[in-house]
Amino acid sequence: MKLPTDRPHPLARFLLSFWAPTARSMAGWAIAAVVVNAGITVTGAAVRVTGSGLGCPTWPKCTPDSFVPVPHPEVSPINMAVEFGNRLLTFLVLAVGFACVVAAWRLVPRRRSVLLLALLQPVGIVAQALWGGLVVRTMLNPFTVGMHFLLSTGLIAASWMLYRRASEGDGPARDLVHRDLRRLGHVLVAAVFALIVAGVVVTGTGPHSGDVLASRFDLDIEDMARLHADLVYLVVGLTFALLLALRVSDAPRPARRAALALLVIELAQGVIGYTQYFLAVPAFLVGLHVLGSTLVWIATLRTVTSLRARGAPPAEARPSPAEMAATA
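The residue numbers shown here count from 1 along each chain, following its written sequence. Given that this is a predicted model, residues contribute local features only at a pLDDT of at least 70 and side-chain atom pairs are listed and counted only at 80 or more, while totals for whole chains, interfaces and linings are drawn from all residues. Note that the side-chain values use all heavy atoms of the structure and ignore hydrogens as well as water.

### Focus: the overall build of the protein
For step 1, the next point in the chain: Here a helix means four or more residues in a row that DSSP labels H or I, a strand means two or more in a row labelled E, and each is numbered from the N terminus. Each helix and strand in the protein was counted, giving 10 helices and 2 strands.
For step 2, the next point in the chain: Counting from the amino terminus, helix and strand elements in the protein follow one another as α-α-α-α-α-β-α-α-α-α-β-α.
For step 3, the next point in the chain: Using C-alpha atoms as the atom set, the radius of gyration is obtained and then compared with a globule rule of 2.2 Å times the number of residues to the power 0.38. The C-alpha radius of gyration computed for the protein amounts to 22 Å, which stays within 12% of the reference 20 Å derived for 328 residues, consistent with globular compactness.
For step 4, the next point in the chain: Expressed as lengths along the three principal axes of its C-alpha atoms, the size of the protein is roughly 65 × 60 × 25 Å.
For step 5, the next point in the chain: Only protein chains enter the accessibility calculation, which uses a 1.4 Å probe; a residue is then buried when its area is under 20% of its type maximum, exposed when over 50%, and partly exposed in between. Taking all 328 residues of the protein together, 45% fall into the buried category.
For step 6, the next point in the chain: Only heavy atoms matter for contacts: two residues are in contact if any of them lie within 4.5 Å across the pair. A sequence separation of at least 24 residues applies to 77% of the contacts in the protein between residues at least 6 apart.
For step 7, the next point in the chain: When the accessible area of the protein is evaluated, it comes to approximately 17100 Å², of which 70% is carbon and sulfur surface.
For step 8, the next point in the chain: Under the convention used here, Asp and Glu are negative, Lys and Arg are positive, and both His and the chain ends fall outside the count. Note on charges: their place is set at NZ of Lys, CZ of Arg, CG of Asp or CD of Glu. Taking the average place of the 28 positive charges on the side chains of the protein and the average place of its 18 negative ones, the gap between the two points comes to 13 Å. Values of accessible area rely on a 1.4 Å probe in the Shrake-Rupley scheme; residue burial ignores everything except the protein chains shown.

### With respect to helix α4 (residues 112-137)
For step 1, the next point in the chain: Spanning 26 residues, α4 covers 38 Å between terminal C-alpha atoms, matching the ideal 38 Å at 1.5 Å per step.
For step 2, the next point in the chain: Following α4 by one or two positions, Met139 adopts a phi angle in the positive range, close to 55 degrees. Helices are assigned an expected span. That span is 1.5 Å times one less than the residue count.

### Regarding a nonpolar patch on the surface
For step 1, the next point in the chain: On the surface, Tyr233, Tyr274, Tyr277 and Phe278 cluster together into a nonpolar patch covering about 490 Å² of accessible area.
For step 2, the next point in the chain: Ranked by the residues each element gives to the nonpolar patch, the list is headed by helix α8 (residues 253-278), at 3 residues.
For step 3, the next point in the chain: Judged by its relative accessible area of 63%, Phe278 is exposed. Note on patches: the residues involved have over 30% relative accessible area and no salt bridge, like charges join within 9 Å, and the nonpolar side chains Val, Leu, Ile, Met, Phe, Trp and Tyr join within 5 Å. The rule for a salt bridge is simple: a side-chain nitrogen of Lys or Arg has to be within 4 Å of a carboxyl oxygen of Asp or Glu.

### Side note on the side chain of Arg164
For step 1, the next point in the chain: Mapped onto the elements, Arg164 comes out in helix α5 (residues 142-166).
For step 2, the next point in the chain: Residue Arg164 is classed as buried on the basis of its relative accessible area of 19%.
For step 3, the next point in the chain: In this view, Arg164 contacts Thr305 and Arg308; residues no more than four positions away in its chain are not counted.

### Remarks on the environment of Ala127
For step 1, the next point in the chain: Tracing the sequence through the fold places Ala127 in helix α4.
For step 2, the next point in the chain: Overall, the relative accessible area of 39% leaves Ala127 in the partly exposed class.
For step 3, the next point in the chain: When the C-alpha atoms of Ala127 and Ala299 are compared, they prove to be 25 Å apart, with 172 residues separating the residues in sequence.

In structure tokens form, the structure reads like this:
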């Protein structure tokens with residue numbers, strides 16, 4: 001006899017994905033968290049390069065007397081719409097974060113590691129929103145703007161680790177490659193993060209501050225750009241070394257493919273970086289470069305986590321037909 005849940009309506013299937021989750025749907029929500037956190041990082045860059053950083057000049061209200069955009073003599077309606085739209089995306093990211101928590105809480109058997117990583121999502125998003133208020137109140141100070149980006153980088157890492165933990169078991173990590181290659185992977189993660197920090201400093205020193213009233217770091221842009229380029233060479237070199245070592249040692253195919261994808265993304269990102277440098281940093285390429293840096297970070301996390309495994313996720317306890325009918 002077929003039960004109502006055998007072929008649920010798309011809306012019912014969506015609700016069940018977090019209310020009666022499986023390991024697969026839990027991993028799906030984690031990937032959704034990666035996507036939305038990466039998306040709001042890129043749209044945040046769009047706010048900056050369009051000069052809309054103070055499109056909503058107050059926080060938490062958009063204007064001193066309204067939570068939503070209203071005509072204001074000192075602010076362009078377009079800039080206000082861009083900044084307010086980015087604020088609205090926070091609610092989408094928060095909704096996905098809460099869905100991750102509900103799915104992790106109701107996962108059977110419940111896994112403490114997955115639940116803790118899921119809880120980082122709404123907590124981090126709320127902290128990020130509060131920091132965004134500080135960004136506005138400090139008139140887009142480059143330090144607060146840079147930290148805003150780095151907080152998103154941390155949330156992306158937490159989302160990716162949630163995906164990995166949901167897709168594997170709770171046993172001790174087992175090396176799939178030689179331990180020295182795993183160490184090289186850890187060095188690569190540190191180098192990529194240093195590259196991202198250097199990119200934040202370059203951004204805080206150069207143009208596209210987000211508003212004409214925003215301050216800049218008192219640093220030499222040429223020196224910062226050279227430092228950033230040197231770190232690019234280091235990251236690409238480490239990635240090539242890891243890829244070569246994985247191939248020579250006949251490492252598992254997923255690890256080799258992840259490292260190759262990372263190298264391709266890094267090279268494409270390098271092309272974008274040099275192009276924007278020689279074209280005097282056009283706004284569109286800056287936004288594309290931020291997208292590239294986000295993809296490099298995700299690809300790096302994918303690569304380093306492909307070097308170890310913890311086995312399959314725990315077997316799910318199947319509900320009885322009566323329980324399934326009650327859920328429906």
